[in-house]
Amino acid sequence: MKNFLKNINKNPLTWPKMPILWLIRAYQKTISPDHGLFKANFPHGYCKFYPTCSEYSYQVIKKKGLIFGLPKAFWRILRCNPWNKGEVDLP
């Protein structure tokens, strides 16, 4: 939460992405199988990719903004399926 307040004061162009980043963090802390309450059910992790899909989405939207970050995050989530073997995919 401190990072959000710090970024809001610096640059108003970052305001549109803040709610999206907040929603991703809320998902991670609640229902995410890799980060949230269900983490104990998956001791070796659930996501095949590193970083996890939600963490990748958070990083790419924070780094590149909504216009370029959302399509990359969406493409990553589409690739997360049973027929993909997974990989290291840094934003």
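The subject of this paragraph is the environment of Lys62. Summarising the element assignment, Lys62 is placed in helix α3 (residues 53–79). The exposure class of Lys62 is partly exposed, given its relative accessible area of 36%. Through-space distance from the C-alpha of Lys62 to that of Thr14 is 8.7 Å; in sequence the pair is 48 residues apart.

This paragraph deals with the nonpolar core. The biggest cluster of nonpolar side chains holds 8 residues, and these are Met18, Leu21, Ile24, Tyr56, Tyr58, Val60, Ile61 and Ala73. Breaking this core down by element, the ones donating at least two residues are α2 (17–30) and α3. Broken down by element, the residue count for this core peaks at 5 residues, all from α3.

Before going further, it helps to spend a moment on a nonpolar patch on the surface. Judged by side-chain polarity, Tyr27, Ile31, Leu37, Phe38, Phe42 and Tyr46 come together as a nonpolar surface patch covering roughly 630 Å² of accessible area. Tracing the backbone through its elements, the reader meets Leu37 in the loop between α2 and α3.

Moving on to unusual backbone geometry. Note that the residue after Tyr50, namely Pro51, is joined by a cis bond; omega there is -10°. Among the structural elements, Pro51 can be located in the loop between α2 and α3.

Here we come to the pattern of salt bridges. In total, this model carries 1 salt bridge according to the counting rule given. Residues Glu55 and Arg25 are paired through a salt bridge, measuring 3.0 Å at the closest nitrogen-oxygen approach. In this pair, Glu55 sits in helix α3 while Arg25 sits in helix α2, placing the two residues 30 residues apart along the sequence.

This part takes up the confidence of the model for the chain. Per-chain confidence: the chain averages 81 in pLDDT, with 86% of residues scoring 70 or above. The least confident element of the chain is helix α1 (residues 2–10), whose mean pLDDT is 57; the most confident is α3, at 91.

Analysis parameters
- Residues numbered from 1 in each chain as written.
- Predicted model: local features only at pLDDT ≥ 70, side-chain atom pairs only at ≥ 80, totals over all residues.
- Heavy atoms only, no water.
- Helix = DSSP H or I, 4+ residues; strand = E, 2+ residues; numbered from the N terminus.
- Buried < 20%, exposed > 50% of the residue type's maximum accessible area, 1.4 Å probe, protein only.
- Core = buried A, V, L, I, M, F, W, Y, C linked by side-chain atoms within 4.5 Å.
- Patch = residues over 30% accessible without salt bridge, like charges linked within 9 Å, V, L, I, M, F, W, Y side chains within 5 Å.
- Areas by Shrake-Rupley, 256 points an atom, 1.4 Å probe, with all protein chains shown as cover.
- Salt bridge = Lys/Arg side-chain N within 4 Å of Asp/Glu carboxyl O.
- pLDDT = per-residue confidence, 0-100.

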